[in-house]
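One-letter residues, chain by chain:
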Amino acid sequence: HYYSLHGIDLSTDMLNQARQRLSKNDKSKGVVLGHANMLETRSLNLGPGSCAAVLNTFALHHATPEQAEAAIRDWSLLLKDDGGCLYLGLWEGSGYMEEHHPGIKSILHSEKDARAWIESA
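Not measured: the values here are computed from a predicted model. (Residues numbered from 1 in each chain as written. Predicted model: local features only at pLDDT ≥ 70, side-chain atom pairs only at ≥ 80, totals over all residues. Heavy atoms only, no water.)

Engineer: Can you walk me through the packing of aromatic side chains in this structure?
Structural biologist: Aromatic ring pairs are reported here in terms of the distance separating the ring centres and the angle at which the planes meet. Evaluated as defined, the whole model comprises 1 aromatic pair. Judged by centre distance (4.8 Å) and plane angle (45°), the rings of F58 and W91 are tilted. Of this pair, F58 sits in the loop between strand 3 (53-57) and helix 2 (65-78) while W91 sits in the loop between strand 4 (85-89) and strand 5 (96-97), placing them 33 residues apart in sequence. Of the residues examined, F58 reaches a relative accessible area of 43% and is grouped as partly exposed. (Phe/Tyr/Trp six-rings, centres within 6.5 Å; stacked < 30°, edge-to-face > 60°. Helix = DSSP H or I, 4+ residues; strand = E, 2+ residues; numbered from the N terminus. Buried < 20%, exposed > 50% of the residue type's maximum accessible area, 1.4 Å probe, protein only.)

The following block contains the structure:
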């Protein structure tokens, strides 16, 4: 079976780290890395129902609640009709989180909000 794995990040440094790690792995066939915004997945030219899974780990704190809800809705459209998997890992809470990178705004989202966004998608 043919598969592909698409990895995106806004950070060139993170993409370079991923490329370096992948170069040491003989199982990296089918991996596509690209510079993209998680909030603009339509630019990836992946069709509706084209993904078995969408994985987002610890990045939604960079999105406002409105952006996070819209992103989850867009990601759910990428999932296969017969049951794709949306996996989210996020910092749970309310308010803002102190970030160790100056100028980066981090927003905590409640579990209740995240569940509502997923259910409405």
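After presenting the structure, the write-up continues.
Engineer: Hey, could you run me through the side chain of H61 in this one?
Structural biologist: Within the secondary structure, H61 is located in the loop between strand 3 and helix 2. Polar side-chain contacts of H61 include one of 3.1 Å to the side chain of H62. (Polar contact = N/O pair within 3.5 Å; in protein donor to acceptor, adjacent residues only side chain to side chain.)

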